[in-house]
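Geometric and topological summary
Spelled out from the first residue to the last, the chains are:
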Amino acid sequence: MAVDVLTTADGREKTAKSRDYAATWFAARKAGEALDIGRASPPLRPSRPERPELLDPRDVPKRKPGSPQGRIALLHAVAHIELNAVDLHWDIIPRFADVAMPLGFYDDWVKAADEESKHFNLMCDCLEELGSFYGALPAHAGMWRAAEDTVDDLHGRLAVVPMVLEARGLDVTPGMIEIFRKGGVKNAVKALETIYAEEVSHVAYGSKWFHFLCGRHEQDPVVVFHALVRKYFHGPLKPPFNEEKRAEAGLPPDFYWPLADKLPDQKLR
């Protein structure tokens, strides 16, 4: 099921499959008949539609977020992030199926993939309401880099994807919500508030299973996290940090402040 999602190119079709498979998984779990995890070979890169055109981050056009065109560009960027997140959460299942993990591990990532699928569709709906669509603008080509860098390291994948990249979403989403509130785009505000609320649990899943693996190998989680982020993440972490939501997700300051490029007195209060 995971590989079928990963090898489906169209975003709406990909997320429809994702939601159907998530419902199948949880129906079986509710019935006390968990599906076999099985084995499959995920692609190194997931299938993608012909558009959007993928560009180097430096070449993606910058638009003022307060303008109508800027708001469309921001929604398009979030849609692109959410579609990549769908694939990231399905990819972790077959990619690391050789690592013995409890069924709760699969529950969490299937649920996360289901919610990311909902988020992508919410963003697409908002774009269409504003007369645009996903694929209308160029997008960031580097979104899958973290997956490729951690292709054979589950501990590294958990550190970089949910605990760094998704945690960054907790930092920046309140500002995006305010942009759309000021612009009077009510449905985008509601959609982003839904994303903001649900992304906390995705960061928490990463933290939970990261700590689980550290406990299994009798490792210090903070020391291991710092080493893996320095190995796989390209550049320092950027404050301000949303310390309240990060703490809610099980990510205390001693994990991320030592990796930041600013002094602690510039933190988000």
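Everything below is about the structure shown above.
Residues numbered from 1 in each chain as written. Predicted model: local features only at pLDDT ≥ 70, side-chain atom pairs only at ≥ 80, totals over all residues. Heavy atoms only, no water.

What follows covers helix α3 (residues 68–95). The terminal C-alpha atoms of α3, which comprises 28 residues, lie 40 Å apart, in line with the 40 Å expected from a rise of 1.5 Å per residue. Counting buried positions along α3 gives 24 out of 28 residues, so the element sits mostly inside the fold. (Helix = DSSP H or I, 4+ residues; strand = E, 2+ residues; numbered from the N terminus. Expected span 1.5 Å × (residues − 1). Buried < 20%, exposed > 50% of the residue type's maximum accessible area, 1.4 Å probe, protein only.)

The peptide bond linking Arg51 to Pro52 adopts the cis configuration, its omega dihedral lying at 15°. The residue Pro52 is located in the loop between α2 (11–30) and β1 (54–55) in this model. Omega for the peptide link from Pro239 to Pro240 comes to 5°, which places this bond in the cis form. As for its placement among the helices and strands, Pro240 is situated in the loop between α8 (221–232) and α9 (243–248). Here the phi dihedral of Glu218 falls at roughly 55°; this positive angle occurs in a residue that is not glycine. As for its placement among the helices and strands, Glu218 is situated in the loop between α7 (186–216) and α8. A relative accessible area of 77% means that Glu218 is categorised as exposed.

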